[in-house]
Amino acid sequence: MSIVQPKGQPWLHSAAFDGVFILAPAFIITAVVFIFADTWQALDGIPPWLWVVLIIGIDVSHVYSTLYRTYFDASEYTQRRTLYTTVPWVALTVSIVLYSLDPALFWRVLAYLAVFHFVRQQYGFMMMYKRTEPRLGRWQHRIDQWMIYLAPVYPLIFWHTHAREFNWFILGDFVEIPLTWLSHVAGVLYVLVIMAYVVKEYWLFRRFKFVNMPRNALVAGTALSWYVGIVYFNNDLAFTATNVVAHGIPYLALIWLYRRNAERSAAKSPSSNFSRWPFFTFMLLISIVALAYVEETLWDGLVWKEHGDVLPFSAWLPQITDAALLALIVPLLALPQITHYVLDAFIWRLREAGTPWKAILFQRDRIGIVSD
């Protein structure tokens, strides 16, 4: 089997774009957490303005950005109509059943579904950045796979076996496992995998004189942000900031890039400038932030009553206390989030056939732009 020498870095768009919007957020937010560690740990909760930025501006907004990859894409929706119409109804039905059985069970299932989504997103980005690498054997992929999975999974195991001062959604949504030795075993395995990964990278460099910069930066950023946010700091704000920023901003960048490339493809001129990108960017951000603001207003007004200072319209809504009504309202409010989690497991599959998303997203490969 002949091995093809890599011709350049496998950026999704460019070194500048990928570096700033996909790879750098994990490093930047980790640095910010360290720089302001004393200030943040002295705070009692998350300041309202920062809650708006992190939760409405990034976390919930990135959920709604999926609309531009699915329901707002006429061609994509037509090709996968069954998927896009079935998932919300199934998700809503299952959610109502779970919440009716036990609200705590609903939140626990939702938390673990979110964890799966967050972990798999990093794997998905890694696979995108591996797309042009020579395949030397299954061992090469297995080491990368173990590395990108253990980077978040080891901190999660630590979280399950050590008391933390933060939760994913609500108090007690994660199962408590009073077996600290389990985290020690996971830690040893993690260190061994890191060593194997470093040796593998050195071997590849010696053979090809090439280092996959975006893949390595993604792996390093994932490992750093998850460890710092969960293990190193035991602080709600540190966890929320690292978790939301490192996950949400790269996803928003991916959606923007996909829609930009789709516009260029529709114009049948991949090399042409996307002249309307400032207007499109503005409309995308405004629309998803507006949807996020409305959703959080409904959550606060009908369920939580915690953020009236930044969600003034929530005061107009009556807080729901009836268990039967909550079993319908809570799943409905969580439906955009659940749908995002489930659909995201399908829409970025590299082995998926029948939709043109890979040709759209990896447009730079198709037109021969594979170098820096």
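Bear in mind the structure is a predicted one, so any value in this text is a computation, not a measurement.

Asker: Can you break down a nonpolar patch on the surface residue by residue, with the values?
Answerer: Residues Val97, Leu101, Leu105 and Val109 make up a contiguous nonpolar surface patch of about 340 Å² in total accessible area. At the level of secondary structure, the elements contributing two or more residues to the nonpolar patch comprise α5 (81–101) and α6 (103–129). For Leu101, the location among the structural elements is in helix α5.

Asker: Break down the pattern of salt bridges for me, citing the residues and quoting the values.
Answerer: Evaluated as defined, the whole model comprises 10 salt bridges. For Lys130, the salt bridge is made with Glu133, and the minimal N-O distance between the two is 3.5 Å. Just as Lys130 is buried, Glu133 falls in that class too. Taking the shortest distance from any N to any O, the salt bridge between Asp144 and Lys200 comes out at 2.4 Å. Of the two residues, Asp144 sits in helix α7 (residues 138–161) while Lys200 sits in helix α8 (residues 180–208), which places them 56 residues apart along the sequence. Pair check on accessibility: Asp144 and Lys200 agree, each one buried.

Asker: Go over the nonpolar core with me, naming the residues and quoting the values.
Answerer: By size, the foremost hydrophobic cluster in this structure holds 91 residues, and its most contacted members are Leu12, Phe106, Met128, Leu156, Trp168, Trp348 and Leu361. Counting residues per element, this core draws most heavily on α6, at 14 residues. Here Leu361 is in contact with Leu12, Met128, Leu254, Leu257, Tyr258, Asn261 and Trp348, once residues within four sequence places are set aside. By size, the runner-up hydrophobic cluster in this structure holds 14 residues, among which are Leu54, Phe233, Ala238 and Ala241.

Asker: Provide a residue-level description of the environment of Val244, including the pertinent values.
Answerer: With respect to the helices and strands, Val244 occurs in helix α10 (residues 236–266). Sequence separation of Val244 and Val60 is 184 residues, and the distance between their C-alpha atoms is 9.5 Å. If sequence neighbours within four positions are ignored, Val244 has contacts with Leu54, Ile58, Asp59 and Ile249.

Asker: If you had to explain helix α3 (residues 48–65) to someone new, which residues and values would you point to?
Answerer: In an α-helix, one turn spans 3.6 residues, which is why side chains three or four residues apart end up on the same side. Its axis deflected by about 25° at Ile55, α3 carries its strongest bend there. Leu50, Trp51, Leu54, Ile55, Ile56, Ile58, Val60, Ser61, His62, Val63, Tyr64 and Ser65 are the residues of α3 that are buried. The secondary structure elements touched by the buried residues of α3 are α6, α10, α11 (277–304) and α12 (323–347).

Asker: So what's going on with the environment of Glu133? Which residues, and what values?
Answerer: Structurally, the position occupied by Glu133 is in the loop between α6 and α7. Its relative accessible area of 10% is what places Glu133 among the buried residues. Separated by 60 residues in the primary sequence, Glu133 and Val193 have C-alpha atoms spaced 20 Å apart. Excluding its chain neighbours within four sequence positions, the residues that come into contact with Glu133 are Gln140, Asp144, Asn212 and Arg215.

Asker: Just give me the short version of the packing of α6 against α10, but keep the residues and values in it.
Answerer: Helix-helix packing is described using two parameters, namely the angle between the two axes and the distance between the axes. Direction vectors running N to C along α6 and α10 enclose 50°, while the axes themselves pass 11 Å from each other. Classified by the angle between their axes, α6 and α10 sit oblique to one another. The chirality of how α6 crosses α10 is left-handed. Every residue of α10 that contacts α6 at His117, Phe118, Gln121, Phe125 and Met128 is listed here: Asn243, His247, Pro250, Tyr251 and Leu254. Residue classes in the contact of α6 with α10 are distributed as six nonpolar, four polar and no charged.

Asker: Quick one: what's the story with helix α1 (residues 15–35), residue by residue and with numbers?
Answerer: Roughly 70° is the biggest bend found in α1, and it falls at Ala24, with proline Pro25 one to four residues downstream. Elements in contact with the buried residues of α1: α2 (37–42), α6, α9 (213–232) and α10.

Asker: Tell me what's going on with the packing of aromatic side chains, and back it up with residues and numbers.
Answerer: According to the stated counting rule, one finds 33 aromatic pairs in the structure shown. For the ring pair Phe118 and Trp168, a centre distance of 5.1 Å and an interplane angle of 85° mean the geometry is edge-to-face. On the criterion of sequence distance, the pair formed by Phe118 in helix α6 and Trp168 in the loop between α7 and α8 is long-range, its members being 50 residues apart. Here Phe118 and Trp168 have matching classes, each one buried.

Definitions and cut-offs
Residues numbered from 1 in each chain as written. Predicted model: local features only at pLDDT ≥ 70, side-chain atom pairs only at ≥ 80, totals over all residues. Heavy atoms only, no water. Patch = residues over 30% accessible without salt bridge, like charges linked within 9 Å, V, L, I, M, F, W, Y side chains within 5 Å. Areas by Shrake-Rupley, 256 points an atom, 1.4 Å probe, with all protein chains shown as cover. Salt bridge = Lys/Arg side-chain N within 4 Å of Asp/Glu carboxyl O. Helix = DSSP H or I, 4+ residues; strand = E, 2+ residues; numbered from the N terminus. Buried < 20%, exposed > 50% of the residue type's maximum accessible area, 1.4 Å probe, protein only. Core = buried A, V, L, I, M, F, W, Y, C linked by side-chain atoms within 4.5 Å. Contact = heavy atoms within 4.5 Å. Bend = angle between axes of the 7 residues up to and from the residue. Axes fitted to C-alpha atoms, helices over the stretch in contact; angles between N-to-C directions. Parallel < 35°, antiparallel > 145°, perpendicular 65-115°, else oblique. Left-handed = near helix turned anticlockwise from the far one by under 90°. Nonpolar A, V, L, I, M, F, W, Y, C, P; charged D, E, K, R; others polar. Phe/Tyr/Trp six-rings, centres within 6.5 Å; stacked < 30°, edge-to-face > 60°.

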